[in-house]
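Results of the structural survey
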Amino acid sequence: MTPVTRQEVLGLYRKIFQIAKKWQSASGQIEETIKEKEYIKNEAKTLFRKNKNVTDPKLIKQCIEECEARIEIGLHYNIPYPRPIHLPPMGLAHKQGRTLRHQEKLRKISKPIYLKSHDEVS
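Anyway, here's the lowdown on the structure attached to this text.

Criteria and thresholds
Residues numbered from 1 in each chain as written. Predicted model: local features only at pLDDT ≥ 70, side-chain atom pairs only at ≥ 80, totals over all residues. Heavy atoms only, no water. Phe/Tyr/Trp six-rings, centres within 6.5 Å; stacked < 30°, edge-to-face > 60°. Helix = DSSP H or I, 4+ residues; strand = E, 2+ residues; numbered from the N terminus. Core = buried A, V, L, I, M, F, W, Y, C linked by side-chain atoms within 4.5 Å. Buried < 20%, exposed > 50% of the residue type's maximum accessible area, 1.4 Å probe, protein only. Contact = heavy atoms within 4.5 Å. Expected span 1.5 Å × (residues − 1). Arc of directions from axis to C-beta.

Here the focus is the packing of aromatic side chains. Evaluated as defined, the whole model comprises three aromatic pairs. Judged by centre distance (4.9 Å) and plane angle (55 degrees), the ring pair of Tyr13 and Phe17 falls under tilted. Placement of the pair is Tyr13 and Phe17 together in helix α1 (residues 3–22), with a separation of four residues, close to one helical turn. Centre to centre, the rings of Tyr39 and Tyr81 are 4.6 Å apart; their planes meet at 55 degrees, and the pair counts as tilted. On the criterion of sequence distance, the pair formed by Tyr39 in helix α2 (residues 30–50) and Tyr81 in the loop between α3 (57–77) and α4 (99–110) is long-range, its members being 42 residues apart. Three or more aromatic residues joined by ring pairs form one cluster here, namely Tyr13, Phe17 and Phe48.

Bringing the nonpolar core into the picture now. Counting 13 residues, the largest nonpolar core has Leu12, Ile16, Ile40, Ile64, Cys67 and Ile71 as its most contacted members. Listed by contribution, the elements that provide at least two residues to this core are α1, α2 and α3. Examining the composition of this core, we find that five residues originate from one element, α1, more than from any other. Sequence-distant contacts of Cys67, defined by excluding residues within four places in its chain, comprise Leu12, Ile16 and Phe48.

Right, let's talk about α1 for a bit. In a regular helix each residue adds 1.5 Å, so 20 residues correspond to 28 Å; α1 covers 29 Å between its end C-alpha atoms and thus fits that length. All of the buried residues in α1 are Thr5, Val9, Leu12, Ile16, Ile19 and Ala20. All buried residues of α1 fall inside an arc of 100 degrees around its axis, so they share one side. In α1, the exposed positions angled more than 90 degrees off the buried face are occupied by Pro3, Val4, Lys21 and Lys22. Where the residues of α1 are buried, they touch α2 and α3.

Listed below in structure tokens is the structure:
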């Protein structure tokens, strides 16, 4: 990891914890706010620890882009949780032989960047 990339990653980590510190839930309830703050902190710790040994520059850049996208979406919609994608099961291809593998490939490609690591951690 280059020093510039390292600074960018550490800056994002600090930014997430600053957001968590100032976070207010959309409902305004104290219990909900505390729960969402804890979710933000735990999610950040889990994902950053999971990716701490990544050395491929392309993969590092992808992780940074995912982090930035999740921050922006969370702030815009005022929800800390990843927004779900709405694809019906088996809705992208026909269910015949090899097309099932094609179906899985299409689902993987259609997954938004902000959800790439969500299924791996959950």
